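Each chain, written out:
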Amino acid sequence: MSPLNPYDTVPHHTTPVVFQWTHAVSEGRELHEATGVCPECGCVMTKRYTTGQYAQTKGGFLGRRKGPGPRPFSTLCQCTSLHTDRPEDVQVGCGARITIASWLDGASQ
Ligand SMILES: [Zn+2]
Ligand SMILES: [Zn+2]
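Please read all numbers here as calculations on a predicted model, not as lab measurements.

What counts as what
Chains are numbered independently. Their residues run from 1 in the order of the written sequence. Chains carry letters from A onward and ligands carry numbers from 1 onward, assigned in written order. The model is predicted, so local features are restricted to residues of pLDDT at least 70 and side-chain atom pairs to those at 80 or more, both for listing and for counting; the totals for chains, interfaces and linings are taken over all residues. Where side-chain values are given, they derive from all heavy atoms of the structure, hydrogens and water being excluded. Counted as coordinating are nitrogen, oxygen and sulfur atoms within 2.8 Å of the metal, or 3.2 Å for Na, K and Ca, while water is not included, which may make sites look incomplete. Geometry is assigned from donor-metal-donor angles: four donors are tetrahedral when every angle falls between 85 and 135 degrees, four are square planar and six octahedral when opposite donors sit over 155 degrees apart with all other angles between 65 and 115, and any other arrangement is irregular. Burial here depends on accessible area, computed with a 1.4 Å probe over protein chains only, as a share of the maximum for the residue type. Under 20% is buried, over 50% is exposed, and the range in between is partly exposed. Nine residue types can take part in a nonpolar core, namely buried Ala, Val, Leu, Ile, Met, Phe, Trp, Tyr and Cys, and a core is a set of them joined through side-chain atoms within 4.5 Å. Every helix listed is a DSSP run of H or I at least four residues long, and every strand listed is a run of E at least two residues long, numbered separately from the N terminus. Any two of the Phe, Tyr and Trp rings considered here, Trp counted by its six-membered ring, make a pair once their centres fall within 6.5 Å; the pair's planes then place it as stacked at under 30 degrees, edge-to-face at over 60, or tilted in between. Counting as a charge over the ring demands two things of the Lys NZ or Arg CZ atom: a distance within 6 Å of the ring centre and an angle within 35 degrees of the ring normal.

1. A closer look at the coordination of the zinc ion (ligand 2)
Here is step 1: Protein ligation of the zinc ion (ligand 2) involves Cys41 (SG), Cys43 (SG), Cys79 (SG) and His83 (NE2), the donor distances falling in the range 2.0 to 2.5 Å.
Here is step 2: Given 4 donor atoms and angles of 94 to 122° at the metal, the environment of the zinc ion (ligand 2) is assigned as tetrahedral.
Here is step 3: Counting residues between consecutive donors of the zinc ion (ligand 2) along the chain gives the motif C-x1-C-x35-C-x3-H.
Here is step 4: Between the zinc ion (ligand 2) and the zinc ion (ligand 1) the interatomic distance comes to 3.7 Å, and Cys41 is a ligand of both metals.
Here is step 5: Under the relative-accessibility criterion, His83 is labelled buried at 17%.

2. Regarding the nonpolar core
Here is step 1: One finds Phe19, Trp21, Cys38, Met45 and Cys77 to be the most contacted residues of the largest nonpolar core, which totals 16 residues.
Here is step 2: Of all the secondary-structure elements, those providing two or more residues to this core are strand 3 (44–50) and strand 5 (97–100).

3. So, the packing of aromatic side chains
When we look at a pair of aromatic rings, we describe it by the centre distance and by the angle of the planes.
Here is step 1: Under the criterion given, the structure shown has 3 aromatic pairs.
Here is step 2: Ring geometry for Tyr49 and Phe73: centres 4.6 Å apart, planes at 50°, overall tilted. Within this pair, whereas Tyr49 is found in strand 3, its partner Phe73 is found in strand 4 (residues 73–76), the two being separated by 24 residues in sequence.
Here is step 3: Over the face of the ring belonging to Tyr49 we find Lys47, whose NZ or CZ atom lies 5.6 Å from the ring centre.

Functional significance is not addressed by these values, which are geometric in nature.
What follows is the structure, encoded as structure tokens:
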């Protein structure tokens, strides 16, 4: 048993990390999932983005927004490992705020 790491929300990872993106349409909602390894705790995590509001517009999500754009995504770690001393209202993650490269930035096939 390794000791619990302190829960720390200081944003320390601003260099985009490359995650594997998957794209699906579920019940008319665009669903994008980014799966990769948190650079802070080393766990595999998945961050899910739902963009249903754009799927209904004429031209669709991609036509309207041209995808997420080259802007990287900022997210808190979403790992589910019980290795951190999380606050009571936090269910997942190690607390690290990380930056995920957009799938337009070479992150997907
Ligand atoms: Zn983490
Ligand atoms: Zn973790």
